[in-house]
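Descriptive structure summary
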Amino acid sequence: MTSALISAIKRLHISVVPQVRVYSSNVAAAATASANNLSITKKDWAFQPQYTKPREVWIENLDTVEEQKLGLFELHPLVFAAPPRIDIINQNVVWQRKIRFVSWAHTKTRAEVRGGGRKPWPQKGLGRARHGSIRSPLFRGGGIAHGPRSGKTHFFMLPFHLRLHGLTTTLSAKLAQDDLHIVKDLELPTDDPEYLNELIEKRNWGPSVLLVDDTDLAPRNIIAASDTLGHINIMPVYGLNVYSMLKHDTLVLTLSAAEKIEERLLHWLHANTLKEQQPFKLNQV
Amino acid sequence: MTAGVRHNVSFETNNIVLIALVAILYSLFKMATVWRSQCAFARLFAGKTGQILNNATDLGTKLGPGSQSVISRKYSTYGTSPYITKIKEQYDYEIVKNPPEWAYVQRLLPFDTIPQVTPKESYPSGWVPPKEEAKSLPYFLARTKNHELPIYLNITYRGIRQITKIKRIEGDIWLLNDEIKQYLKEKNKRYVETRVHEVGRFIETKGDYVNDLVQWAHSKGF
């Protein structure tokens, strides 16, 4: 009874006060029009889009199974409308796989295989080929010449701008394929996994969903709901990467996460990156 | 004749150089004597000669006990070494947040991002600003983050192959290609081969046409 009353009051509050985006700490929202609770946000970026129009997306909610459109939101075309460079995406995926890969394949050389210290037969006089050891690579059961030796790292660093454009092109591809959704926040009414499953099913989101928030701490309900579901994962903004975005069918960003991603990527697209490009260069003096 | 004149001149200069050398040597000798006497004076009054540093000629600065503990010393054993004490601050200071002088420090800090261009009547470097009317065209050439036109010359095969690359094309890339081809053909009186990469958003032309294309881009207002 009391909860119903509280929710009723809350609803009243929302309908009375025009929605003002509280997330916009970095960039000022220019105009916020409020008609039947729909906030339409025109953004004022530090780096204005030149020619390509900003991408518009709906702000959705997670607190009901049915989708409610809470507002309209603009995304910067440099970040969310980049050309779909699958070559750059592939380079990023290969890099992410290789950067942490260590090959433990191992073979023994002729020195490490047991035995073979004695000359098998005299050098001359038998009409047989000359050999010095039965563990030479020519022999069956001998050592392996130029075989894999364990502990081989495949670490390398992808150039800074390829990493940067990997993120923009993957985000753009996700948005173009209707696999990127913006939600207001990650608040759920229950901690039931069935609710989340039902929501994803209802909204035609992919089986696997990646939720990205700009804080390290997600709300309790969504953590509890997604805990048993292996295909629904939560990630902070600084963990966003190309591999995870491709691994999950649908990418769900919170409003603040989308703004944060946009702000950081726009910053690096317009900054002097010589210092960032330097550290892993191979031909350093 | 000329040789004789030269000889005379050099003789005179030699004289001047000699005189100057003597003067410098004399002054150096004088300075040296003064220096030595000062040093001896200092030693006489300070008593302990070991404490005077090589360059501490004036005795105005005193090295206090606080600063002396900073100097590292090797002890023979760990047990005999003294306990580490808090080093006495040599200077009194207080921490101030956002003082009025901070504005001058901020002036020296590097830019966070590459700044926008300040609009002027003309630019002495010859840089041409992009025009607003270019945005109404069906295609667009975006400036780089350094506000330059993205038109580059790639030279390969030891200078044999020259390829002009136009990057950062937005909008109708095929229309842009047609117009460039037409423009270069009229300007150079010859057919110019181009290659369009629709996904990569760039056009390559065979040959060095950087100046022509920059001129064309400026005429369009990019």
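Residues numbered from 1 in each chain as written. Chains lettered and ligands numbered in written order. Predicted model: local features only at pLDDT ≥ 70, side-chain atom pairs only at ≥ 80, totals over all residues.

**Examining the overall build of chain A**
Broken down by element type, chain A carries nine helices and ten strands. Residue burial in chain A is summarised as follows: out of 285 residues, 24% are buried. Residue pairs at least 24 apart in sequence account for 70% of intrachain contacts in chain A once pairs closer than 6 positions are excluded. (Helix = DSSP H or I, 4+ residues; strand = E, 2+ residues; numbered from the N terminus. Buried ≥ 20, exposed ≤ 12 C-beta atoms within 10 Å, placed from the backbone. Contact = placed C-beta atoms within 7 Å.)

**Regarding the overall build of chain B**
When helices and strands are counted, chain B shows five helices and six strands. The linear arrangement of helices and strands in chain B, starting from the amino end, is α-α-α-β-β-β-β-α-β-β-α. Burial statistics for chain B: of 222 residues in total, 8% are counted as buried. Within chain B, contacts between residues separated by at least 24 positions form 56% of all contacts whose residues are at least 6 apart in sequence.

**Some remarks on the nonpolar core**
Among the nonpolar cores identified, the biggest contains 41 residues, and V212, V252 and L253 of chain A are the most heavily contacted of them. If one sorts the elements of this core by residue count, helix α8 (residues 255-269) of chain A sits on top with five residues. Not counting residues within four places of it along the chain, the set of residues in contact with L253 of chain A comprises L180, I182, V212 and A258 of chain A. Core analysis: the next-biggest nonpolar cluster, separate from the first, contains 14 residues, L149, L184, I203 and Y209 of chain B among them. (Core = buried A, V, L, I, M, F, W, Y, C linked by C-beta atoms within 7 Å.)

**Considerations on the packing of helix α3 (residues 86-98) of chain A against helix α4 (residues 160-176) of chain A**
All names here are of chain A. Packing of α3 against α4 brings their axes to within 9 Å, and their N-to-C directions diverge by 115°. The hand of the α3/α4 crossing is left-handed. Residues I88, I89, Q91 and N92 of α3 form the contact with α4, whose own contacting residues are L162, R163, H165, G166, T169 and T170. For the contact of α3 with α4, a count of residues per class yields three nonpolar, six polar and one charged. (Axes fitted to C-alpha atoms, helices over the stretch in contact; angles between N-to-C directions. Left-handed = near helix turned anticlockwise from the far one by under 90°. Nonpolar A, V, L, I, M, F, W, Y, C, P; charged D, E, K, R; others polar.)

**Observations regarding the environment of L282 of chain A**
Residue and element names in this part refer to chain A. Relative to the helices and strands, L282 is located in the segment after α9 (274-277). By C-beta crowding, L282 is classed as exposed, having 6 other C-beta atoms within 10 Å. Measuring from C-alpha to C-alpha, the distance between L282 and G115 comes to 42 Å, with 167 residues separating the pair along the chain.

**A look at the interface of chain B and chain A**
Where the parts come together, the accessible area they lose is often given as the size of the interface. Opposite the twelve residues of chain B that make contact, chain A presents eleven residues. Looking at the side of chain B that touches chain A residue by residue, the classes come out as four nonpolar, three polar and five charged.

**What about the pairing of strand β3 (residues 55-60) of chain A?**
All names here are of chain A. The sheet contact formed by β3 and strand β4 (residues 71-75) spans five bridges and is antiparallel. Looking at β4, one finds that E56 is bridged to E74. With two bridges connecting them, β3 and strand β7 (residues 180-183) associate as parallel partners. From the neighbouring strand, E60 faces β7, where its bridge partner is V183. (Pairing = 2+ DSSP bridges.)

**Digging into the environment of A111 of chain A**
Tracing the chain through its elements places A111 of chain A in the loop between β5 (102-103) and β6 (152-153). Taking C-alpha positions, A111 of chain A is 8.6 Å from S136 of chain A, a pair spaced 25 residues apart along the chain.

**Observations regarding the sheet that holds strand β3 (residues 161-166) of chain B**
All names here are of chain B. The four strands are arranged β2-β3-β6-β5 in an open sheet whose pairing can be described as antiparallel. The sheet terminates laterally at β2 (151-156) and β5 (194-197), the two strands that pair on one side only. The mean inter-strand angle of the sheet, taken between neighbouring strand axes irrespective of direction, is 20°. Inspection of the sheet shows β2 paired to β3 by six bridges, in the antiparallel sense. Within β3, the residue paired with T156 across the bridge is R161. Sheet strands touched by helix α4 (residues 173-188): β5 and β6 (202-206). Its angle to β5, the strand with the most contacts, is close to 165°.

**Brief notes about the packing of α4 of chain A against α8 of chain A**
Residue and element names in this part refer to chain A. Contact pair α4 / α8: the axes reach a minimum separation of 11 Å and the direction vectors enclose 135°. The angle between α4 and α8 falls in the class oblique. For the crossing formed where α4 meets α8, the hand is left-handed. Taking contact as the criterion, the partners of L164, L167 and T168 in α4 are, on α8, L265, W268 and L269. A breakdown of the residues in the contact of α4 with α8 according to their chemical character gives five nonpolar, one polar and no charged. (Parallel < 35°, antiparallel > 145°, perpendicular 65-115°, else oblique.)

**What about unusual backbone geometry?**
A positive phi angle, near 60°, is found at D178 of chain A, a position not held by glycine. For Y157 of chain B, which is not glycine, the phi dihedral falls at a positive 50°.

**Quick word on the confidence of the model for chain A**
Mean pLDDT over chain A stands at 88; residues scoring 70 or higher make up 87%. Across residues 12-35 of chain A, where pLDDT falls below 50, the model places 35 contacts with residues more than four positions away in sequence or in other chains. (pLDDT = per-residue confidence, 0-100.)

**A look at α4 of chain A**
Residues and elements named next belong to chain A. For α4, which comprises 17 residues, the first-to-last C-alpha distance of 24 Å matches the rise-based estimate of 24 Å (1.5 Å per residue) to within 8%. Taken residue by residue, α4 has H165, G166, L167, T168, T169, T170, L171, S172, K174 and L175 as its buried positions. Of the residues one or two after α4, D178 is the one with positive phi, at around 60°. (Expected span 1.5 Å × (residues − 1).)

**Topic: the domain arrangement of chain A**
Annotation of chain A at the domain level lists domain 1 (36-87 + 156-277) and domain 2 (110-152). The centre of domain 1 of chain A, based on its C-alpha atoms, is set 59 Å off from the matching centre of domain 2 of chain A. (Domains from an automatic or database assignment.)

**With respect to α4 of chain B**
All names here are of chain B. Counted at 1.5 Å a residue, the expected span for α4 with its 16 residues is 22 Å, and the 22 Å between its end C-alpha atoms agrees. Within α4, the full set of buried residues consists of L176, I180 and L184. The buried residues of α4 occupy an angular sector of 60° when projected down its axis, which confines them to one face. Residues W174, L175, D178, Q182, K185 and E186 are exposed on α4 and point more than 90 degrees away from its buried face. Check the buried side of α4 and you find it contacts β1 (139-141), β4 (169-171), β5, β6 and α5 (210-220). (Arc of directions from axis to C-beta.)

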